[in-house]
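Observations on chain architecture
Below are the chains, spelled out letter by letter.
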Amino acid sequence: MNVPFSGGCACGAIRYECSSEPLAMLNCHCRDCQQSSGAPFASGVVVPTKSIKVTSSPKTYSVLASSGAQTTRSFCSNCGSPLFTTGEAMPDFTSIRFTTFDDPSDFSPALDIWTSSAVSWVCLNEELPHFSQSPPPGTNE
């Protein structure tokens, strides 16, 4: 993936730039990602939080995630675009929704997580590793 990369919400009120290579590119099928994305799964990249510079302040909403840890979703309060996810399970890392990238063609998922919650009609790519919940630490394929 080309670094740095940038993106923002649909209305342009919130912009970001990330100076780090993604640690993981993934599709998450947990129920929270389904609800927050309005889709059968959410796709994004995981990066160190300190590598993201954000203009403006997104609105946040926190929930108890499937893992049992608190997760905070950030989105534009104007257009509603989902942008970032952070969680107490891995507080130094942020997931950025790939749909917000200026160039989403750089995104290529390398794994599917929380497939135990995947809806039955989703066709999982059999070439990718699948994890029924979160992958073990250090998994970044």
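Residues numbered from 1 in each chain as written. Predicted model: local features only at pLDDT ≥ 70, side-chain atom pairs only at ≥ 80, totals over all residues. Heavy atoms only, no water.

1. Topic: the sheet that holds strand β9 (residues 93–97)
Across a sheet, paired strands are connected by hydrogen bonds in the backbone, their directions being either parallel or antiparallel. Taking strand neighbours across the sheet as the criterion, the seven strands line up as β6-β7-β8-β9-β4-β3-β10 in an open arrangement whose pairing is mixed. Where the open sheet ends on each side, the last strands, each with one partner, are β6 (59–64) and β10 (111–113). The average angle at which neighbouring strand axes cross in this sheet is 30 degrees, direction not considered. Of the strand pairs in this sheet, strand β7 (residues 70–75) and strand β8 (residues 82–87) are connected by five bridges, and their pairing is antiparallel. (Pairing = 2+ DSSP bridges. Helix = DSSP H or I, 4+ residues; strand = E, 2+ residues; numbered from the N terminus. Axes fitted to C-alpha atoms, helices over the stretch in contact; angles between N-to-C directions.)

2. Brief notes about the pairing of strand β3 (residues 24–28)
A large share of β3 lies buried, amounting to five of its five residues. Residues Ala24, Leu26 and Cys28 line one face of β3 and the alternating positions Met25 and Asn27 line the opposite face, and both faces are buried. As judged from the three bridges shared by β3 and β10, these two strands associate in the parallel manner. The residue of β10 that forms the bridge with asparagine 27 is aspartate 112. (Buried < 20%, exposed > 50% of the residue type's maximum accessible area, 1.4 Å probe, protein only.)

3. Section: the state of the cysteines
All told, the structure shown has zero disulfides when counted by the stated rule. Sulfur of cysteine 30: no disulfide; nearest cysteine sulfur belongs to cysteine 28 and is 3.6 Å away. The class of cysteine 30 is buried, set by a relative accessible area of 6%. (Disulfide = S-S within 2.5 Å.)

4. Considering the environment of alanine 69
Position of alanine 69 relative to the elements: it lies in the loop between β6 and β7. The spacing of alanine 69 and glycine 87 is 18 residues in sequence and 7.0 Å in space, taken between C-alpha atoms. When residues no more than four places from it in sequence are discounted, the contact partners of alanine 69 are Val63, Leu64, Glu88 and Ala89. (Contact = heavy atoms within 4.5 Å.)

5. Let's talk about the sheet that holds strand β5 (residues 52–55)
With antiparallel pairing, the three strands of this open sheet are ordered in space as β1-β2-β5. Only two strands of the sheet have a single neighbouring strand rather than two, namely β1 (5–8) and β5. With direction set aside, neighbouring strand axes in the sheet form an average angle of 15 degrees.

6. Description of the side chain of threonine 72
Along the polypeptide, threonine 72 turns up in strand β7. Side-chain polar atoms of threonine 72 contact the side chain of serine 62, separated by 2.7 Å. Among residues more than four places away in sequence, those in contact with threonine 72 are Thr60, Tyr61, Ser62, Phe84, Thr85 and Thr86. (Polar contact = N/O pair within 3.5 Å; in protein donor to acceptor, adjacent residues only side chain to side chain.)

7. Some details on unusual backbone geometry
Here the amide bond leading from valine 3 into proline 4 is cis, since omega sits at 0 degrees, within 30 degrees of zero. Inspection of the secondary structure assignment puts proline 4 in the segment before β1. With a phi angle near 70 degrees, serine 56 is a residue other than glycine that sits in the positive phi range. Structurally, serine 56 is set in the loop between β5 and β6. Accessibility expressed as a relative area gives 49% for serine 56, which makes it partly exposed. One non-glycine residue, tryptophan 114, lies in the positive phi region at around 55 degrees. Mapped onto the elements of the fold, tryptophan 114 is located in the segment after β10.

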